[in-house]
Amino acid sequence: MPYISTRGDIKVSFSESILWGLTPEGGLLIPEKFPKYSKKDLEKMSKMNYKKLALAIMSYFVDDIPKKDLKLLIEKSYSKDLFGSEEITPIKEIGDGEYILELFNGPTLAFKDIALQFLGNVFDYILEKMDSTTNILTATSGDTGSAAIYGTRGKKRLRIFVLTPKDRMSKFQTAQMYSVIDPAVFNIAVDGTFDDCQDMVKKASEDIEFRNKYHIGYMNSINWTRVLAQIVYYAKGVFNIQKINNLPVDAEVDVSVPTGNFGDALAGYYAKKMGIPIGKIILATNENNVLDIFFKKGVYKIRNKEEVIRTDSPSMDITSASNFERYIYDIVDQDPKIVKDLWEQIKEKSFFDISKTPYFESVKNSGFFSYSTNKKERYKIIKQIYNQSGIIIDPHTANGVVAAEKYKRENIPVMCLATASPLKFEDSIKEALGKEVILKRPKQYRGIENKPQRFVMIHRGNVNSLKDFIKKHILIDHKS
Ligand SMILES: *Cc1c(COP(=O)(O)O)cnc(C)c1O
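First things first, this report covers the structure right here in the doc.

What counts as what
Residues numbered from 1 in each chain as written. Predicted model: local features only at pLDDT ≥ 70, side-chain atom pairs only at ≥ 80, totals over all residues. Heavy atoms only, no water. Buried < 20%, exposed > 50% of the residue type's maximum accessible area, 1.4 Å probe, protein only. Helix = DSSP H or I, 4+ residues; strand = E, 2+ residues; numbered from the N terminus. Arc of directions from axis to C-beta. Contact = heavy atoms within 4.5 Å. Pairing = 2+ DSSP bridges. Axes fitted to C-alpha atoms, helices over the stretch in contact; angles between N-to-C directions.

**Structural notes on helix H2 (residues 39-46)**
Among the residues making up H2, those that are buried are Leu42, Met45 and Ser46. For H2, the angular spread of buried residues about the axis comes to 95 degrees, placing them on one side. Exposed and facing more than 90 degrees away from the buried side of H2 are Lys40 and Lys44. Taken together, the buried residues of H2 touch helix H3 (50-61) and helix H11 (224-244).

This is the structure in structure tokens:
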């Protein structure tokens, strides 16, 4: 399967796509074609367990890794040991016709594990074949960084350098990362904010010579493999809900997605495009609602980082949505020239407006309902769901459930993606419920705050120290 760019400049194989971030023109990679499942395909797929389903869906897109190897990579990524059950993404009922798809049972208790466990394994596999190495460089405010750490640990060909804003993460999140004392994992604490960390990564990455010489790589959310891995659980969840309700395999299920960078929602859009019977994709944003505004008005206006609103659902606190371009590519009839033009406009004036073009009709017909929630609604729904089902949802998931209830249709079940474990947000839960509840931690996290931690400090803005540190600690290239 060739991968092409939303801005039209290149064509690469799946294996190459893994190693890429943006294309030279600043575009994103997408597969040239998508499968379209028939009812017969759906019948077959609905009987598969998670791993078999993953293989069935992924092998279409991953054609330069032998199927038996892909199977092993999937088995390694989605084991009961890592995800707590063979189901990987269990379904729970939270109300009448309302379900959550638990995506947070992986090693770091957030949905990013599902993509990053797989990406880490595939990355390592491809590097082994190329006899090469990569040093992942990333900044995080919490979730992504720890999922990336747990996705790279134990991999022979990978090292990871993660910049974190010191004293600005929860004790639990800090411990989750800093207590990993593997020789291949480097936690770098910065005396600043997440934006300071991200700036340092960006500045270091602008040095192309440094990047190439030291094999600096990325696992960020624009990586195609991450989107691919996420398509699988949409299919799995929809089939499960059909089974629970005795519905045929082509009966529609609505899905609701708490959205940040539009990676998860994009995977749902692709799943629908491929013929998984998804009705509406309910797109939930928090107060950082650039996408909600787009879907309502046809104007995509990115914000600058001073305008980001800090919320109880921090992994959705974004100023622009890095995967959105892939969706727009489809909207503008897959014309890279138009994509390029729209993103030129963003560069110039921070927005584009397609409200008065036929493209906005395509947006309206593309299957989305969007809603932006506020804290009051989120906390109210956390309490309501707890009272009616005994299930505690986290503030990210709450965004999706609020939006789902705004849209809810008679007789069509809705699947709300549960993206983080409530364990990670004990303070919000306490505030929402108005009382303390004891959440039972998985074994590996009991007393984690008291484990020994390892990190180095690098002063905010000191890009040279960062580069020096990386140079000293990179994985030596096997070839040289
Ligand atoms: C990353 C994240 C999101 C947002 O996902 P996107 O793919 O960026 O839209 C939502 N909830 C949690 C818990 C996350 O970690």
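From this point, the discussion proceeds with the structure in view.
**A word on unusual backbone geometry**
Positive phi, normally seen in glycine, also occurs at Asp131, with a value near 50 degrees. With respect to the secondary-structure elements, Asp131 resides in the loop between helix H6 (112-130) and strand E6 (134-139). A relative accessible area of 31% means that Asp131 is categorised as partly exposed. Even without a glycine there, the phi angle at Asp167 is positive, about 65 degrees. By the secondary structure assignment, Asp167 is in the loop between strand E7 (158-165) and helix H8 (171-178).

**So, the sheet that holds strand E4 (residues 91-95)**
Spatial ordering of the open sheet is given by E4-E5-E15-E10-E11-E14, a layout of six strands whose pairing is mixed. Of all strands in the sheet, those bounded by a partner on one side alone are E4 and strand E14 (368-372). The average angle at which neighbouring strand axes cross in this sheet is 25 degrees, direction not considered. With three bridges connecting them, strand E10 (residues 253-258) and strand E15 (residues 414-418) associate as parallel partners. Following the sheet pairing, Asp254 is matched in E15 by Val414. On top of the sheet, H11 reaches E4, strand E5 (98-102), E10, strand E11 (278-285) and E15; it is set at about 135 degrees to E15, its chief contact.

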